[in-house]
Amino acid sequence: MTKVLEHSTDFSLVQGLLAKDTGFEMLASSFADLPLDPYIQGDFRYRCYSNVKIEAGHIRRQPTKTFMQPSHINQYLGDVERQYQEIPEQTLTGAAMSAMLKDFKDQCALSDDAVIEIHQIRIKTQSRNATPPAPEGVHQDGFNYLGIYVIGTQTVEGGEVMLYEAKDEAPFFCERFADGQYVILDDARYFHNAAPVLPLPGQDQGYWDVVVLTAHAG
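## A short note on the environment of His-58
Next, step 1: Note on placement: His-58 falls in strand β4 (residues 58–61).
Next, step 2: A C-alpha to C-alpha distance of 9.1 Å links His-58 and Thr-93, two positions 35 residues apart in sequence.

## Here we look at unusual backbone geometry
Next, step 1: If you check the backbone angles, Ala-56 has positive phi at about 55° while not being a glycine.
Next, step 2: Positionally, Ala-56 belongs in the loop between β3 (45–55) and β4.
Next, step 3: Taking relative accessible area as the criterion, Ala-56 reaches 66% and is therefore assigned exposed.
Next, step 4: A positive phi angle is found at Thr-155, which is not glycine, with a value near 45°.
Next, step 5: Within the secondary structure, Thr-155 sits in the loop between β6 (145–154) and β7 (156–158).
Next, step 6: The partly exposed category is assigned to Thr-155, whose relative accessible area is 26%.

## Observations regarding the sheet that holds strand β8 (residues 161–164)
Next, step 1: A sheet is described by the order of its strands in space; here 3 strands give the open sequence β9-β8-β11, paired in antiparallel fashion. Both edges of this open sheet fall to β9 (173–175) and β11 (191–194), since each of them pairs with a single strand only. Taken pair by pair, the neighbouring strands of this sheet meet at an average axis angle of 10°, ignoring direction.
Next, step 2: Pairing analysis gives 4 bridges linking β8 to β11, with the strands arranged antiparallel. The partner of Leu-163 across the bridge, within β11, is His-192.

## Examining the pairing of β6
Next, step 1: A large share of β6 lies buried, amounting to 8 of its 10 residues.
Next, step 2: Where β6 lies against strand β10 (residues 181–186), 5 bridges are found, and the strand directions are antiparallel. Paired with Tyr-145 across the bridge in β10 is Asp-186.
Next, step 3: Of the pairings in the sheet, the one linking β6 to strand β13 (residues 205–215) comprises 9 bridges and is antiparallel in character. Paired with Gly-152 across the two strands is Asp-209, which belongs to β13.

## Details of the nonpolar core
Next, step 1: Within the largest apolar cluster, 31 residues are counted, with the highest numbers of intra-cluster contacts made by Phe-104, Ile-116, Ile-118 and Tyr-149.
Next, step 2: Among the elements of the structure, α1 (24–29), β3, α3 (95–107), β5 (116–126), β6, β10 and β13 are those that each provide at least two residues to this core.
Next, step 3: With 5 residues, the single largest contributor to this core is α3.
Next, step 4: Those residues in contact with Ile-116 that lie beyond four places of it in its chain are Ser-50, Asn-51, Val-52, Ile-54, Leu-101, Phe-104, Lys-105, Leu-110, Leu-213, Thr-214 and Ala-215.
Next, step 5: Listed in part, the 20 residues of the second largest apolar core include Ile-123, Leu-163, Val-197 and Trp-208.

## Re the packing of aromatic side chains
Next, step 1: The tally for this structure, following the rule as stated, stands at 4 aromatic pairs.
Next, step 2: Look at Tyr-49 and Tyr-84: their rings are 6.4 Å apart centre to centre, the planes differ by 70°, and that puts the pair in the edge-to-face class. Placement of Tyr-49 in strand β3 and of Tyr-84 in the loop between β4 and α2 (89–92) is noted, with a sequence separation of 35 residues between them.
Next, step 3: A relative accessible area of 2% means that Tyr-49 is categorised as buried.
Next, step 4: With relative accessibility at 6%, the residue Tyr-84 sits in the buried group.

Reading guide: rules and limits
Residues numbered from 1 in each chain as written. Predicted model: local features only at pLDDT ≥ 70, side-chain atom pairs only at ≥ 80, totals over all residues. Heavy atoms only, no water. Helix = DSSP H or I, 4+ residues; strand = E, 2+ residues; numbered from the N terminus. Buried < 20%, exposed > 50% of the residue type's maximum accessible area, 1.4 Å probe, protein only. Pairing = 2+ DSSP bridges. Axes fitted to C-alpha atoms, helices over the stretch in contact; angles between N-to-C directions. Core = buried A, V, L, I, M, F, W, Y, C linked by side-chain atoms within 4.5 Å. Contact = heavy atoms within 4.5 Å. Phe/Tyr/Trp six-rings, centres within 6.5 Å; stacked < 30°, edge-to-face > 60°.

Set out below in structure tokens:
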């Protein structure tokens, strides 16, 4: 299911729901094996990162590279070269991830030469402490296209996906996503953030799992 939130002659913003019959459970279970993000203080964020091209319908892993955003884009970790572990081949080429990547390419009208960057992230939270999924706050990622896919949540509240016309304005979109729900947006036009997550009352901990896809036009 895909729902157009806003339509114009250029790509703007779409919302949808991933099919649950294409290896979704395998993708969701893979988050349990993510390594700790070494660039964040604390033990609340776990992450893998890979780059791919989709050529003639086939997922082609690209050479490993460091991930870096300029400081004017990311005030929290800007100008820091970050090296993350690759997403395992079984996860990368699994049915759910493959379907997600191909749909993202189609929605954004990307060419076979376009590189899609994949961030697989788990946010853990515990002891009723609010944990921000994005420590940099309201931001853009510095790409033309951005996809936010909530894959799984367990015993948490919060985590609403929030979209903004401008960084210093109130969000025009704020919604708690169900498992499999996603939004793809023009990253050069909109800003985004996610509300802090925390365990449900009576729970010691919980998690919020998301895949973020980014790409430049092409």
